[in-house]
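Examining the three-dimensional arrangement
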Amino acid sequence: MAKDNEHQGRVAVITGGRGGIGTGIERRLQSEGVTVHVLDLSDDLPADPGAAGAIHFHSVDIGNEAQVDSAFDSIQSVSKRLDYLVCCAAVFRPQPFLELEPENWQQTLQTNLTGSFLSCRAALRCMRPRKFGRIVLFSSMIARTGSVKGAHYAASKGGILGLARTVAIEAAADNIRVNTISPGITDTPQPRAFLSDADLTQRRSRIPLGRIGAVEDMVEACMFLLSEQSSYLIGQDLRVNGGASLW
Amino acid sequence: MVSQTDSRVTIITGAGSGIGKASALRLAHAGCIICACDINEAGLRETAKTIQSSGRTCFTGQIDVRDRESVESWCSEVADRFGKIDCLFSNAGLNARSAFDEMTLTQWNLVIDTHVTGAFNFCQPVLRHMVERRSGAIVITSSDFAVVGVPNAANYCAAKTALYSLTKSLALEFAPYGIRVNAIGPGPIDTPLLRSGRTQEQYESARRNFESRLPIKRLGQPDEVAAVVEFLLSSGAAYITGQLVQPNGGQVIW
């Protein structure tokens, strides 16, 4: 059975750690005694990073190869280890398909999918020599269901499932476990930027468990996948959606 | 992980060996009151002895899950004795391997009745009770074979796929009552079931085959499945229902 404090003293990287779900995970890991490195755009970083205790902020465009590699290099040289990678970085600017601008398409794929590739590759380079690693990538229910005005987002999140499954089977023999979480709609600033209260109420009525997901639901799922409790899970997608989609 | 030290009354079927036994031990350790049943009395006694020797509660019943009357009466006994049923882990199962063209109706019925009708027999009285209390969580043991097939086990694959479908249907029907229903899809786990019907030599050969073929390069242990059951029954999984979670070492990825 798992130790009570298996996370204590470990080192984690969270991409998009300033978003709703990322922030929740960052706080939980910190409270478990993990040194947390947050990779996010400088606009999203706190004005006074020094005030954040054991959380280290790195201003990184997650879709930029040189910036991602350089951030992981600097983390590796300071911490000498990397145990966890949690990829939350994502953008979503809904547009009807016929009006979808190539720039929006490109930026969404670059951040959500290529950003996950770059982060996983850099993390694996740190994890492999120590034969230990836990990686959680955030996909989305939309990867399976699709979404009106969300072709670019669905494509990027579907790509994450394919990426994660492949990295999972490539890395498993080195004791590096890769799994994904596909949240349903979650109560964070991101959906609230596009959905009115009336929209949210209507969405809620279609969810079997009768509520929108909470950040805490995703944090719990993430902690399960990072912990020894999921020691035999490889390449699996944990669908945390209140029953809104059953596959 | 959220640690729940409350005394959740938890029914576990097939608790005399393998995944059921490991789950009974793990959930007892987490503070649950275990109500364990199995058709195999010796295994059941062993599970109960281990739990009780650590000062925890384990109530037992020697039950054939196919026998509706005894299932109903035992569930009533549990509810009367402990005042509630919080969780059900419907896990009882067996195997009767055969090439399809030689499979007897007896082999077919044994596997379908034990897995599928056995789960129905337990879920119905337990859910009636949970609906009244508007709370509860159920985990059903399906399999990787709910997603992919395997030769010489048409009965087993049909049963495990039926259980996955049953899970999804129950999840939707009982979500309005705050009751969650999920399935687990274990891969190759080192249990008595994996050894059943195989000589020691055949088992060793199967194990080596799994070790070379599986991404994780080893068989799973029963406690690794029990850990997933514990999570799905806990409040940490409060927003997860109708899902199949597969502790399978990467055997099936979809």
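Model, not experiment: these values are computed from the prediction. (Residues numbered from 1 in each chain as written. Chains lettered and ligands numbered in written order. Predicted model: local features only at pLDDT ≥ 70, side-chain atom pairs only at ≥ 80, totals over all residues. Heavy atoms only, no water.)

Here we come to the overall build of chain A. From N to C terminus, chain A includes 8 helices and 7 strands. Relative to the 2.2 N^0.38 estimate, which gives 18 Å for 247 residues, the radius of gyration of chain A is 17 Å and therefore close to what a compact globule would have. Across the 247 residues of chain A, 56% fall into the buried class. The long-range fraction of contacts in chain A, counting pairs at least 24 apart against all pairs at least 6 apart in sequence, stands at 70%. Element-wise, carbon and sulfur atoms account for 52% of the exposed surface of chain A, whose accessible area totals about 10,100 Å². (Helix = DSSP H or I, 4+ residues; strand = E, 2+ residues; numbered from the N terminus. Rg over C-alpha atoms; globule rule 2.2 N^0.38 Å. Buried < 20%, exposed > 50% of the residue type's maximum accessible area, 1.4 Å probe, protein only. Contact = heavy atoms within 4.5 Å. Areas by Shrake-Rupley, 256 points an atom, 1.4 Å probe, with all protein chains shown as cover.)

This next bit is on the overall build of chain B. The helix and strand inventory of chain B stands at 8 helices and 7 strands. In terms of overall size, chain B behaves like a compact globule, its C-alpha atoms giving a radius of gyration of 17 Å where 254 residues would be expected to give roughly 18 Å. C-alpha atoms of chain B, sized along the principal axes, occupy 45 × 35 × 35 Å. Across chain B, the fraction of contacts at a sequence separation of at least 24, relative to all contacts at a separation of at least 6, is 73%. Approximately 10,100 Å² of chain B is accessible, and the part contributed by carbon and sulfur atoms is 50%. Computed over 24 positive and 24 negative side-chain charges, the inter-centroid distance for chain B is 6 Å. (Lys, Arg positive; Asp, Glu negative; His and termini not counted. Charge placed at Lys NZ, Arg CZ, Asp CG, Glu CD.)

Time to look at the sheet that holds strand E5 (residues 133-138) of chain A. Residue and element names in this part refer to chain A. Reading across from one edge, E3-E2-E1-E4-E5-E6-E7 is the order of the 7 strands in this open sheet, with parallel pairing throughout. One side of each edge strand has no neighbouring strand; the edge strands of this open sheet are strand E3 (55-59) and strand E7 (237-240). Direction aside, the axes of adjacent strands within the sheet are offset by 15° on average. Of the strand pairs in this sheet, strand E2 (residues 35-40) and E3 are connected by 5 bridges, and their pairing is parallel. Across the sheet, residue Leu39 finds its bridge partner in E3, namely His58. In the packing of helix H5 (residues 151-171) onto the sheet, the strands contacted are E5, strand E6 (176-183) and E7, and the crossing angle to E6 comes to about 160°. (Pairing = 2+ DSSP bridges. Axes fitted to C-alpha atoms, helices over the stretch in contact; angles between N-to-C directions.)

Two orientations exist for strands paired in a sheet by backbone hydrogen bonds: parallel and antiparallel. Residue and element names in this part refer to chain B. Reading across the sheet, the 7 strands line up as E3-E2-E1-E4-E5-E6-E7 and stay open at both edges, with parallel pairing between neighbours. Looking along the sheet, the strands with just one partner apiece sit at the ends: strand E3 (58-62) and strand E7 (244-245). In this sheet, strand E4 (residues 87-90) lies alongside strand E1 (residues 9-13) in parallel orientation, the contact comprising 3 bridges. Residue pairing for E4: Ile12 is matched across the bridge by Phe89. Against the sheet, helix H3 (residues 68-82) engages E1, strand E2 (33-38) and E3, with an angle of about 160° to E3. Each of strand E5 (136-141), strand E6 (179-184) and E7 is contacted by helix H5 (residues 154-174), which is oriented at about 165° to E6, the strand it contacts most.

Residues and elements named next belong to chain A. Taking 1.5 Å of rise per residue, the 15 residues of helix H2 (residues 65-79) would be expected to cover 21 Å, and the 21 Å separating its terminal C-alpha atoms lies within 8% of that figure. Every buried residue of H2 is accounted for by Val68, Asp69, Ala71, Phe72, Ile75 and Ser79. Seen end-on, H2 carries its buried residues on one side only, within an arc spanning 160°. For H2, the exposed residues set more than 90 degrees away from the buried face come down to Ala66, Asp73 and Val78. The inward-facing, buried residues of H2 contact strand E1 (11-15), E2, E3, strand E4 (84-87) and helix H3 (102-127). Capping the start of H2, Asn64 holds a side-chain oxygen 3.1 Å from the backbone nitrogen of Ala66, two or three residues further along. One or two steps after H2, the chain reaches Lys80, where phi turns positive at roughly 65°. (Expected span 1.5 Å × (residues − 1). Arc of directions from axis to C-beta. Polar contact = N/O pair within 3.5 Å; in protein donor to acceptor, adjacent residues only side chain to side chain.)

The final tally for this structure, using the stated rule, is 8 aromatic pairs over all chains. Note on Phe59 of chain B and Trp74 of chain B: the rings are 5.9 Å apart at their centroids and 5° apart in plane angle, and the pair reads as stacked. Of this pair, Phe59 of chain B sits in strand E3 while Trp74 of chain B sits in helix H3; the two residues are 15 residues apart in sequence, bridging distant segments of the chain. Of the aromatic side chains, those joined through ring pairs into one cluster are Phe59, Trp74, Phe82 and Phe122 of chain B. The ring of Trp254 of chain B has Arg239 of chain A lying over it, and the distance from NZ or CZ to the ring centre is 6.0 Å. Above the ring of Tyr164 of chain B, the side-chain terminus of Lys168 of chain B is found at 4.0 Å from the ring centroid. (Phe/Tyr/Trp six-rings, centres within 6.5 Å; stacked < 30°, edge-to-face > 60°. Lys NZ or Arg CZ within 6 Å of the ring centre and 35° of its normal.)

This brings us to the pattern of salt bridges. All names here are of chain A. Under the counting rule described, the total for this entry stands at 26 salt bridges over all chains. A salt bridge links Arg130 to Asp83, with the shortest nitrogen-to-oxygen separation between them at 3.3 Å. Taken as a pair, Arg130 in the loop between H3 and E5 and Asp83 in the loop between H2 and E4 lie far apart in primary sequence, 47 residues in all. Taking relative accessible area as the criterion, Asp83 reaches 0% and is therefore assigned buried. With a shortest N-O distance of 3.4 Å, Arg192 and Asp197 are connected by a salt bridge. Judged by its relative accessible area of 57%, Asp197 falls in the exposed class. One connected set of salt bridges, linked through shared partners, spans Arg28, Glu216 and Glu220. (Salt bridge = Lys/Arg side-chain N within 4 Å of Asp/Glu carboxyl O.)

Let us look at the pairing of E7 of chain A. Residues and elements named next belong to chain A. Taking every second residue as pointing to the same face, both faces of E7 are buried, with Asp237 and Arg239 on one and Leu238 and Val240 on the other. Judged from the 4 bridges that link them, E6 and E7 form a sheet pairing that is parallel. Its bridge partner lying in E7, Pro183 is registered against Val240.

Residues and elements named next belong to chain A. At a minimum axis separation of 8 Å, H3 and H5 run at an interaxial angle of 15°. Judged by the angle between their axes, H3 and H5 are roughly parallel. The two elements H3 and H5 cross, and the hand of that crossing is right-handed. Here H3 contributes Asn104, Trp105, Thr108, Leu109, Asn112, Leu113, Ser116, Phe117 and Leu124 to the contact with H5, which in turn contributes Ala151, His152, Tyr153, Ala155, Ser156, Lys157, Gly159, Ile160, Leu163, Val167 and Ala171. Split into classes, the residues belonging to the contact of H3 with H5 amount to 12 nonpolar, 7 polar and 1 charged. (Parallel < 35°, antiparallel > 145°, perpendicular 65-115°, else oblique. Left-handed = near helix turned anticlockwise from the far one by under 90°. Nonpolar A, V, L, I, M, F, W, Y, C, P; charged D, E, K, R; others polar.)

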